[in-house]
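# Chains, contacts and geometry: an overview
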There are 2 protein chains.
Amino acid sequence: MEATSRHVLAEFYGSPAEILNNVKIIEKEICRAALAAGAEIREVVFHKFAPQGVSGVLIISESHISIHTWPELNYASVDVYTCGTTVDPWDAVRSLKENLQAEKAEGIEVLRGDGIPHKTKEEII
Amino acid sequence: MEATSRHVLAEFYGSPAEILNNVKIIEKEICRAALAAGAEIREVVFHKFAPQGVSGVLIISESHISIHTWPELNYASVDVYTCGTTVDPWDAVRSLKENLQAEKAEGIEVLRGDGIPHKTKEEII
C-alpha cells in the first residue's frame, strides 16, 4: 500500500515548567520543529488548559505533529506523523528537545498503513 | 508518573471513497466517535487536500483524536490519545469502524508517559 507513513511517538522530560505552560512558546516551537523537518504547515490549533498544560496540533501536508504538556511534571508528549519521504520525523524531535530545553527525549517509530501498526525503531536522544 | 495515557493507533480498510473524501462527513464522524467515547471536545480543525484526502484533529480534554484519509486506497489512519480513566479510546475506534463503513479496523494500544512508549495491546475489529 502506498500510504505507508512513519509515526514517531516521543516523550520529553525535564523541560522548564514555564516553557511547557506557555501556549505561545509551545506553538512557536512546534512550528519551528515542523519547519526544521521540512514539513509544510497547513493548519494550526492550540489550547491552554486550566490550571496548567497545553495541547496543540499542526496539520501538515505530510500528516500531523501534536504536543501535550504537563508543566507540573516537566513532561511533554509529542507525535510526529509523516507520509512521504521528504520529511524525517526525528528532525522535529531533535529540534524540540533543544528548544523545549528537555534533559532527555525518547521515542519509538511506528510504521503505519501497512497492516497492524508495528514498531520499527527506538531512540533516546 | 501521573501523566500515563493510552494511545490507540488504528487503521481502517475498505471504507467508501466518497465518505473518506468528504471533509464534512469525516468531521461529523470524528466528533461522533469522540462523544461515543465520552470525550470532551475543545478544538476542531480539518483540512481537505487536493486532489483528494482529508486530515483532521480534535483536541479533547483528554488529549486528541486525529484522522488522515486516503480515499483512493479506501484507507484511513486514526489516533485516539486519552489521558485519565473516563474515556476508553477503543470506543472511538468502534464508532468509526461502523460509521466510516470500514470492512476492517486494526490497531495497537501504546502506553505513553511512563518511559519509552510501549505497546500493550493489539486488536482487530
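This text gives an overview of the structure that appears in the document. Note that the coordinates shown come from a computational prediction; the quantities given were computed from them, not determined experimentally.

Criteria and cut-off values
- Residues numbered from 1 in each chain as written.
- Chains lettered and ligands numbered in written order.
- Predicted model: local features only at pLDDT ≥ 70, side-chain atom pairs only at ≥ 80, totals over all residues.
- Heavy atoms only, no water.
- Axes fitted to C-alpha atoms, helices over the stretch in contact; angles between N-to-C directions.
- Helix = DSSP H or I, 4+ residues; strand = E, 2+ residues; numbered from the N terminus.
- Parallel < 35°, antiparallel > 145°, perpendicular 65-115°, else oblique.
- Left-handed = near helix turned anticlockwise from the far one by under 90°.
- Contact = heavy atoms within 4.5 Å.
- Least-squares fit on C-alpha atoms with pLDDT ≥ 70 in both.
- Buried < 20%, exposed > 50% of the residue type's maximum accessible area, 1.4 Å probe, protein only.
- Pairing = 2+ DSSP bridges.

## A look at the packing of helix α2 (residues 23-36) of chain B against helix α3 (residues 89-99) of chain B
All names here are of chain B. One can describe the packing of α2 onto α3 by two numbers: an axis separation of 8 Å at closest approach and a directional angle of 140°. Classified by the angle between their axes, α2 and α3 sit oblique to one another. α2 and α3 meet at a crossing whose hand is right-handed. Here Glu29, Ile30, Arg32, Ala33 and Ala36 of α2 lie close against α3, whose contacting residues are Asp91, Ala92, Ser95, Leu96 and Asn99.

## Structural notes on the relation of the copies chain A and chain B
It takes a turn of 180° to lay chain A on chain B, together with a shift of 0.0 Å along the axis; the resulting RMSD is 0.0 Å. Here the symmetry operator amounts to a two-fold rotation axis. Both copies present the same face, since 100% of the interface residues in chain A are matched by interface residues at the equivalent positions in chain B.

## Describing unusual backbone geometry
Residues and elements named next belong to chain A. Going from Ala50 to Pro51, the amide bond is cis rather than trans, its omega being 5°. Residue placement: Pro51 occurs in the loop between β2 (41-48) and β3 (54-60). Although it is not a glycine, Ser63 adopts a positive phi angle of roughly 140°. Within the fold, Ser63 resides in strand β4 (residues 63-70). What makes Ser63 buried here is its relative accessible area of 3%. The backbone of Asn74 sits at a positive phi, close to 55°, despite the residue not being glycine. The residue Asn74 is located in the loop between β4 and β5 (75-83) in this model.

## Here we look at the sheet that holds strand β7 (residues 118-124) of chain A
Sheets are built from strands paired through backbone hydrogen bonds, the pairs being either parallel or antiparallel. Residues and elements named next belong to chain A. What the 7 strands build is an open sheet, ordered β2-β3-β4-β5-β1-β6-β7; its pairing is antiparallel. Two strands close off the open sheet at either side, each with one partner strand: β2 and β7. Adjacent strand axes in the sheet meet at a mean angle of 10° when their direction is disregarded. Note that β4 and β5 share 8 bridges and pair antiparallel. Looking across to β5, one finds that Ser63 is bridged to Thr82. Across the sheet, helix α2 (residues 23-36) touches β2, β3 and β4, and the angle it forms with β2 is around 155°. The strands that helix α3 (residues 89-99) touches are β1 (5-13), β5, β6 (104-112) and β7; relative to β1, the one it contacts most, it runs at about 15°.

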